[in-house]
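Below are the chains, spelled out letter by letter.
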Number of protein chains: 2
Amino acid sequence: MPQFLPEQLEDIRSVFSDFLKKKNLRQTPERFKVFDEVYASDDHFDADELFVRLKAKEINVSRATVYNSLELLMECNLVVRHQFGNKQAKYERSFRYWQHDHLICEDCNEIHEFCDPRIQAIQEMVSEIFEFEITHHSLQMFGHCRRDNCPNRH
Amino acid sequence: MPQFLPEQLEDIRSVFSDFLKKKNLRQTPERFKVFDEVYASDDHFDADELFVRLKAKEINVSRATVYNSLELLMECNLVVRHQFGNKQAKYERSFRYWQHDHLICEDCNEIHEFCDPRIQAIQEMVSEIFEFEITHHSLQMFGHCRRDNCPNRH
DNA sequence: TTACCTGCAAACTATTTGCAGTACT
DNA sequence: AGTACTGCAAATAGTTTGCAGGTAA
């Protein structure tokens, strides 16, 4: 996932800001601290990781507020949540980074991203056959990477 | 998913039985009660649902044993577990019913199954590109069905 | 000023674990 | 007979909720 330039970040920040305004929600510093931390990271993280990262920077935002803010960021499509099979949800920023799926090594939990247009085609076909309006999908492939230093290597 | 004939069921039951024997695990009545209930149902259920179904038939098996037995049934490929985004896992029987994916209505939670060979092709390509040995995948499509009586219809 | 928001801790939900007694093999 | 298994209840993990202040608008 690419890193954003400062001015792009400013634009994305205002997407969040506008969303809050439109919904008559408050622009609290905590919400923007969560936003900043999310958009400073370019990986997949869980809610607690985000909480810890903030704490490490001596930014004190409660866990409850982290969850609340992630929820809002998901509502305005700046964050997506994934359920990779473990019990805790993983999040990632998603501004202009819609369609991609995940490949996960079950030995070292490394996550790779891929994108294949055939998935879109399958989606359209399934949509037609079942007469569904499909809004999104979730595809993960699991297996074993072949890195030499992968722990518990298969 | 098809229902099984009594003699097929007997064969599948012996797959479980043989598995337990090979692993030096005990053939307890509780384990077979769980097996029977799983193979009597042709839908997607969670652990608690199975527990309740057994209870309704006055078959008393503890929740802990339900989880334990489902784990064993997964080990011998008679059951698969799915994480559909909600926090509780869904299970379904999987004897000779390997490759299929799921389409889920977010309004009524109805689950449909589909199968598309292109997914296999994508899997092979991803496997090659990332040098992974892919063991399995998990694909769900989410959306809105168009049934008239779908609650909270979109 | 006035709700909405935050932080805290308690509640909750799904699942796992520890332990004493039970029952396969 | 011996040890794995069961049921129960308590522990755990991730997330949500209730409530008493705090604060954006």
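It should be emphasised that the depicted structure is a prediction, and the values quoted were computed from it without experimental measurement. (Residues numbered from 1 in each chain as written. Chains lettered and ligands numbered in written order. Predicted model: local features only at pLDDT ≥ 70, side-chain atom pairs only at ≥ 80, totals over all residues. Heavy atoms only, no water.)

1. Description of the overall build of chain A
Alright, step 1. Along the backbone of chain A there are five helices and five strands.
Alright, step 2. With the C-alpha coordinates of chain A rotated into their principal frame, the extents come out at 45 × 45 × 30 Å.
Alright, step 3. In chain A, which comprises 154 residues, the proportion classed as buried is 43%.
Alright, step 4. Taking the contacts inside chain A whose residues are at least 6 apart along the sequence as the reference set, 52% of them involve residues at least 24 apart.
Alright, step 5. When the accessible area of chain A is evaluated, it comes to approximately 8700 Å², of which 49% is carbon and sulfur surface.
Alright, step 6. Averaging the positions of the 20 positive and the 27 negative side-chain charges in chain A gives two centres separated by 6 Å. (Helix = DSSP H or I, 4+ residues; strand = E, 2+ residues; numbered from the N terminus. Buried < 20%, exposed > 50% of the residue type's maximum accessible area, 1.4 Å probe, protein only. Contact = heavy atoms within 4.5 Å. Areas by Shrake-Rupley, 256 points an atom, 1.4 Å probe, with all protein chains shown as cover. Lys, Arg positive; Asp, Glu negative; His and termini not counted. Charge placed at Lys NZ, Arg CZ, Asp CG, Glu CD.)

2. Description of helix H1 (residues 6–22) of chain A
Residues and elements named next belong to chain A.
Alright, step 1. For H1, spanning 17 residues, the distance from its first C-alpha to its last is 24 Å, which sits close to the expected 24 Å at 1.5 Å a residue.
Alright, step 2. Here H1 has its buried residues at Ile12, Phe16, Ser17, Phe19 and Leu20. Down the axis of H1, the buried side of the element spans an arc of 155°, and every buried residue falls inside it. Residues Glu7, Asp11, Lys21 and Lys22 are exposed on H1 and point more than 90 degrees away from its buried face.
Alright, step 3. Tucked into the core, H1 has its buried residues touching helix H2 (29–40) and helix H4 (63–75).
Alright, step 4. Positive phi shows up at asparagine 24, right after H1, with a value of about 55°. (Expected span 1.5 Å × (residues − 1). Arc of directions from axis to C-beta.)

3. Section: the protein's contact with DNA strand C
Alright, step 1. The immediate surroundings of DNA strand C are formed by 20 residues, with Arg26, Thr28 and Thr65 of chain A together with Gln27 and Tyr67 of chain B found nearest.
Alright, step 2. Protein-adjacent atoms of DNA strand C, using a 4 Å cutoff, are sugar or phosphate at a proportion of 77%.
Alright, step 3. For DNA strand C, a phosphate oxygen lies 3.1 Å from a polar atom in the backbone of asparagine 60 of chain A.
Alright, step 4. The set of elements that each furnish at least two residues to the surface near DNA strand C consists of H2 and H4 of chain A together with helix H4 (63–75) of chain B.
Alright, step 5. Among the elements that line the surface near DNA strand C, the one with the most residues is H4 of chain A, at three residues.
Alright, step 6. Class assignment of the residues belonging to the surface near DNA strand C gives a composition of seven nonpolar, seven polar and six charged. (Near = heavy atom within 4 Å. Polar contact = N/O pair within 3.5 Å; in protein donor to acceptor, adjacent residues only side chain to side chain. Nonpolar A, V, L, I, M, F, W, Y, C, P; charged D, E, K, R; others polar.)

4. Remarks on the domain arrangement of chain A
All names here are of chain A.
Alright, step 1. Entries for chain A in the domain assignment read domain 1 (6–93) and domain 2 (101–143).
Alright, step 2. Taking only C-alpha atoms into account, the centre of domain 1 sits 24 Å from that of domain 2.
Alright, step 3. Counting each side, the surface lost to burial between domain 1 and domain 2 is near 470 Å², with a carbon and sulfur contribution of 61%.
Alright, step 4. When the buried surface of domain 1 facing domain 2 is broken down by residue, His44, Phe84 and Glu92 rank first, second and third, together holding 80% of it. (Domains from an automatic or database assignment. Buried area = accessible area lost by both parts, 1.4 Å probe.)

5. A closer look at the protein's contact with DNA strand D
Alright, step 1. Surveying the vicinity of DNA strand D reveals 20 residues, the closest of which are Tyr67 of chain A together with Arg26, Thr28, Ser62 and Thr65 of chain B.
Alright, step 2. Between DNA strand D and tyrosine 67 of chain A there is a distance of 2.7 Å, counted from a phosphate oxygen to a side-chain nitrogen or oxygen.
Alright, step 3. Contact distances for DNA strand D include 2.9 Å between a phosphate oxygen and a backbone N or O atom of alanine 89 of chain A.
Alright, step 4. Contributions of two or more residues to the surface near DNA strand D are made by H4 of chain A together with helix H2 (29–40) and H4 of chain B.
Alright, step 5. Considering every element that reaches the surface near DNA strand D, the biggest residue donor is H4 of chain B, with three residues.
Alright, step 6. Here the residues of the surface near DNA strand D are counted per class, giving seven nonpolar, seven polar and six charged.

6. What about the interface of chain A and chain B?
Alright, step 1. Listed as interface residues are 35 residues of chain A and, on the opposing side, 35 residues of chain B.
Alright, step 2. When the two sides are added together, the surface that chain A and chain B hide from each other amounts to roughly 3400 Å², 66% of it contributed by carbon and sulfur.
Alright, step 3. In this structure, the connection of chain A to chain B is made through zero salt bridges.
Alright, step 4. In this structure, the connection of chain A to chain B is made through eight residue pairs in polar contact (both at pLDDT 80 or more).
Alright, step 5. Residue assignment for the side of chain A that touches chain B shows that the elements contributing at least two residues are strand E3 (101–105), strand E4 (111–114), helix H5 (117–130) and strand E5 (132–145) of chain A.
Alright, step 6. With 14 residues, E5 of chain A is the single largest residue contributor to the side of chain A that touches chain B.
Alright, step 7. Here the side of chain A that touches chain B is composed, by residue class, of 16 nonpolar, 12 polar and seven charged.
Alright, step 8. Of the strand pairs in this sheet, E5 of chain A and strand E5 (residues 132–145) of chain B are connected by 13 bridges, and their pairing is antiparallel. Looking at the pairing, serine 138 of chain A lines up with glutamine 140 of chain B of E5 of chain B. (Salt bridge = Lys/Arg side-chain N within 4 Å of Asp/Glu carboxyl O. Pairing = 2+ DSSP bridges.)

7. Remarks on the packing of helix H3 (residues 47–56) of chain B against H4 of chain B
All names here are of chain B.
Alright, step 1. At a closest axis distance of 10 Å, the pairing of H3 and H4 adopts a crossing angle of 120°. Relative to H4, the element H3 is oriented oblique. Between H3 and H4 lies a crossing of right-handed hand. Here Ala47, Asp48, Leu50, Phe51 and Leu54 of H3 lie close against H4, whose contacting residues are Arg63, Val66, Tyr67 and Leu70.
Alright, step 2. Taken together, the residues of the contact of H3 with H4 sort by class into seven nonpolar, no polar and two charged. (Axes fitted to C-alpha atoms, helices over the stretch in contact; angles between N-to-C directions. Parallel < 35°, antiparallel > 145°, perpendicular 65-115°, else oblique. Left-handed = near helix turned anticlockwise from the far one by under 90°.)

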